[in-house]
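# Structure at a glance
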Amino acid sequence: MRFEQPIPLTTIAELIGAELIGNTTAAATGINEIHKVEEGDLAFVDHPKYYDKCIHSAASFIIINKEADFPSEKALLIVDEPFEAYLKIVRRYRPFEPSMRQVSISATIGEGSLIMPGAYIGNQVKIGRNCIIHPNVTILDYCIIGDDVIIQAGTTIGSDAFYYNKKTNRPIHYKKMDSCGRVVIGNGVEIGAGCTIDRGVTADTTIGDGTKMDNMVHIGHDTIVGRNCLFAAQVGIAGATTIEDDVVLWGQVGVSKTLTIGKGAVVNAQSGVPHSLEGGKAYFGSPAENARDKMKELVWVKRIPEIWNRLTKNEKS
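Residues numbered from 1 in each chain as written. Predicted model: local features only at pLDDT ≥ 70, side-chain atom pairs only at ≥ 80, totals over all residues. Heavy atoms only, no water.

### Re a nonpolar patch on the surface
Residues Trp300, Ile307, Trp308 and Leu311 make up a contiguous nonpolar surface patch of about 460 Å² in total accessible area. With respect to the helices, strands and loops of the structure, Ile307 is situated in helix α5 (residues 304-316). Judged by its relative accessible area of 31%, Ile307 falls in the partly exposed class. (Patch = residues over 30% accessible without salt bridge, like charges linked within 9 Å, V, L, I, M, F, W, Y side chains within 5 Å. Areas by Shrake-Rupley, 256 points an atom, 1.4 Å probe, with all protein chains shown as cover. Salt bridge = Lys/Arg side-chain N within 4 Å of Asp/Glu carboxyl O. Helix = DSSP H or I, 4+ residues; strand = E, 2+ residues; numbered from the N terminus. Buried < 20%, exposed > 50% of the residue type's maximum accessible area, 1.4 Å probe, protein only.)

See the structure below:
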C-alpha cells in the first residue's frame, strides 16, 4: 500500500508506540508484506527465523520485536507486537469506510460503461471505458478496472485476502491480517459468473490485458496473471503466484502458492500444480507433469492387472 504522501517515521513510531533507532529522520512511502516490499516501505517481522530475511529485504524500515543488526541506512521500529502495529498503521491510513450507495460517490465510471442493476461499486473504484458490469457484481474499494472489460453476474472483485497471523497463545489462534491492497484488471479482460478475485494483502492482485476467465474461477491475493491467459471453469489459484502470458488452465486446475507458470504453458483439466512449471509445454496430473509422459504412465498403470496375471501365470508354470 502506498501512502498518499510520505509519513515521517517519528509519526509512525508515535502511532504504534515504538522505539525508533537508525535512520530516524526518514519518511515511509508505504507498507508492504515481505513478498512485495520496495524501497521506502515499512515491513514487519515477529519471529527470529525471519529477522534476517526481512532486515535485508528491499524494505527500508522494519517493525520488529527485538533489536537486531541492520544496515545503517535503514531504521528499526521496536515494539512488543509487530503484527498489532501493522494493523494500527493500516487502520489509520486505509480505514474501512462503508458506502451505502450502489455506486460510491468517489467511484469513477468511464464513458460508455454500463453498470447493471444490483451491482455494487465501492469507494475509490475506477472503471474504464466501454465496460459491462452485469447484475450483482461487487467491486470493492480501490480496485481498478481497465477499458472494454466484461464482468458477468455474481462476481466479486477485491474481497479480502485469505491471510492470517497465527499465534497459539491467544484464544483465537488465527487473526485476520487486514488487506489494504487492490485488484488491478487490464483492458479487454472478460470474467465469468461467480468468480472471486482477492485483493493483495498490501500490494496488488493483477490481471493482464486480454485474459479470459470462465465461471467459478478463484484468484488468490497478490497473484499476477499475465496477458491473454485463458482459465476454464473452477480453476483455483493460490496467493502470490505468477502466471505468465498466454497460459491456459483447463477446468478444475488447482495451483499452489508462490510459484510461477511460464509463458505459453497449458495445464490440462483436473491437474494439481504444486511447483513452478516451465513455459511452452503441456502438463497433466497431480502433481502436474509433462502431459505426454503422464499419458504414457497412465497407459502402463492400466496394464498392471494384465502384467500381474502374466507374472503369476509364469510362476505357477
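Still more to cover.
### Side note on the pattern of salt bridges
Oppositely charged side chains may form a pair once their charged atoms are brought near each other. All chains considered together, the criterion is met by 14 salt bridges. Between Lys175 and Glu84 there is a salt bridge whose closest N-O contact spans 2.8 Å. Residue Lys175 is located in strand β17 (residues 174-176), and its partner Glu84 is located in helix α3 (residues 82-93); the two are separated by 91 residues in the primary sequence. In this structure, the salt-bridge partner of Lys212 is Glu190, at a minimum N-O distance of 3.5 Å. One end of the pair, Lys212, is in strand β22 (residues 212-213); the other, Glu190, is in strand β19 (residues 190-191), with 22 residues separating them in the sequence. Residue Lys212 is classed as partly exposed on the basis of its relative accessible area of 29%. Put simply, Arg2, Glu38 and Asp41 are held in one network by salt bridges that share partners.

### Brief notes about the nonpolar core
Ile139, Ile157, Ile185, Phe231 and Leu249 are the most contacted members of the largest nonpolar core, which totals 42 residues. Apart from residues lying up to four places away in sequence, Ile185 is in contact with Ile144, Ile145, Gly146, Val149, Ile157, Ile191, Ile197 and Ile207. Residues Leu9, Ile16, Ala18 and Phe61 belong to the second largest nonpolar core, which totals 30 residues. (Core = buried A, V, L, I, M, F, W, Y, C linked by side-chain atoms within 4.5 Å. Contact = heavy atoms within 4.5 Å.)

### Focus on the sheet that holds strand β4 (residues 41-45)
Pairing in this open sheet of 6 strands is mixed, and the strands run β1-β3-β4-β5-β6-β2 from one edge to the other. The open sheet is flanked by β1 (2-8) and β2 (19-22), the only strands paired with a single partner. Across this sheet, the average inter-strand angle for adjacent strands is 35 degrees, counted without regard to direction. Looking at chain direction, β2 and strand β6 (residues 75-78) are connected through 4 bridges and run antiparallel. Counterpart to Leu20 in the pairing with β6 is Leu77. Against the sheet, helix α1 (residues 9-16) contacts β1, β2, β3 (27-31), β4, β5 (61-64) and β6, and its axis sits at roughly 90 degrees relative to β1. Across the face of the sheet, α3 comes into contact with β1, β3, β4 and β5 while running at roughly 145 degrees to β4. (Pairing = 2+ DSSP bridges. Axes fitted to C-alpha atoms, helices over the stretch in contact; angles between N-to-C directions.)

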